[in-house]
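As a plain string of letters, each chain reads:
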Amino acid sequence: MADSSTQTLHYTTINTLSPNTSVVINPPILIHPLLFDIILAFNHIICGEIIGLFGIVSNIINIIVFVKQGFDETVNITLTSLAISNIGALVSLQLYNIMANPWMTKAELSFLPIDIAAYAAFYPHNYFIRVGGFITAFASLERCMCVVLPLTFKNIITKKVVITANVVIFLATSFNIFPAYYVGELSNVFSAKLNKTVIGLSFRSAILTAAAIVRGLGIRGTYFQLALVLYSFAFLMETLNSSVNVFVYYNMSGRYRTSLMDLFQSSKGFTKKESRFEG
């Protein structure tokens, strides 16, 4: 038997062929396959991808507007950080949407799409979502202190303090995903469905007990089909949440609305000048 410090175990491993190869089995079917495919295709490809692309563009616009306004108001620093975290969350979800769609998961590839999605998209997405949550809380704290301590607010919440706080949030939250990457790795796994060895997600023996506890909700676990459906709805809600800030800012901030209109007018004017020059 391989040394326990290097042996790996997939969530659905039934026996180990070698130190670097695991055997995976298929989960039971809890939802009708056609309904399952329709839900995932609608949530991931139709809604998730379209809304996600809009969200990425709208958050880039937000960053441009805040940079144009300048960072004399510290809240613009925080909102810019929030837009960056939203872009990270949405970009990672775009990858997840592609990997988790029914056509990708049914294709005979040299890797397991869901495993790649978990490793390359799921963990980073959770990181950016947590960063966004902490930044939103910090922005609320800024607004609260502005109301409670209007005379001393600018002396307490300085530009240096806000920049430091946002950097600390990004760095400190990253420690949350280090364990996932430490115990998980992409390695050779034998797929019973494909009847061949492919690249999949395996875990070190250090978390065998934890894997056994959450086995049902793990990758290809007993309830993993149901978990994928629930994830698709949860990720769709997170996509919406990360994409609608442009509407919130536009309706609640006259300064943002003015800056946004100026930005579009400047772009329109530049386009007209370029057309005249080409003519």
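My aim in this report is to walk through the structure given alongside it, one point at a time. Here the structure is a predicted model, which is why all the values come from computation and not from measurement.

1. What to know about the pattern of salt bridges
Now for step 1: This model, assessed by the stated rule, comprises two salt bridges.
Now for step 2: Between K106 and D37 there is a salt bridge, and its shortest N-O distance comes to 2.4 Å. Within this pair, whereas K106 is found in helix α3 (residues 102-106), its partner D37 is found in helix α1 (residues 33-69), the two being separated by 69 residues in sequence.
Now for step 3: Between E73 and R255 there is a salt bridge; the shortest N-O distance is 3.1 Å. Residue E73 is located in the loop between α1 and α2 (74-100), and its partner R255 is located in helix α11 (residues 254-278); the two are separated by 182 residues in the primary sequence.
Now for step 4: By relative accessible area, which is 42% here, E73 ends up partly exposed.

2. Some details on helix α6 (residues 159-174)
Now for step 1: Between the first and last C-alpha of α6 there are 23 Å, a value that for 16 residues agrees with the 22 Å anticipated at 1.5 Å per step.
Now for step 2: Within α6 the residues assigned to the buried category are V162, A165, N166, I169, F170, T173 and S174.

3. Points about α1
Now for step 1: Counted at 1.5 Å a residue, the expected span for α1 with its 37 residues is 54 Å, and the 51 Å between its end C-alpha atoms agrees.
Now for step 2: The sharpest bend along α1 comes to roughly 40 degrees, located at G48.
Now for step 3: Downstream of α1 by one or two residues, G70 has phi in the positive range, about 90 degrees.

Criteria and cut-off values
Residues numbered from 1 in each chain as written. Predicted model: local features only at pLDDT ≥ 70, side-chain atom pairs only at ≥ 80, totals over all residues. Heavy atoms only, no water. Salt bridge = Lys/Arg side-chain N within 4 Å of Asp/Glu carboxyl O. Helix = DSSP H or I, 4+ residues; strand = E, 2+ residues; numbered from the N terminus. Buried < 20%, exposed > 50% of the residue type's maximum accessible area, 1.4 Å probe, protein only. Expected span 1.5 Å × (residues − 1). Bend = angle between axes of the 7 residues up to and from the residue.

The analysis is restricted to geometry; functional conclusions fall outside its scope.
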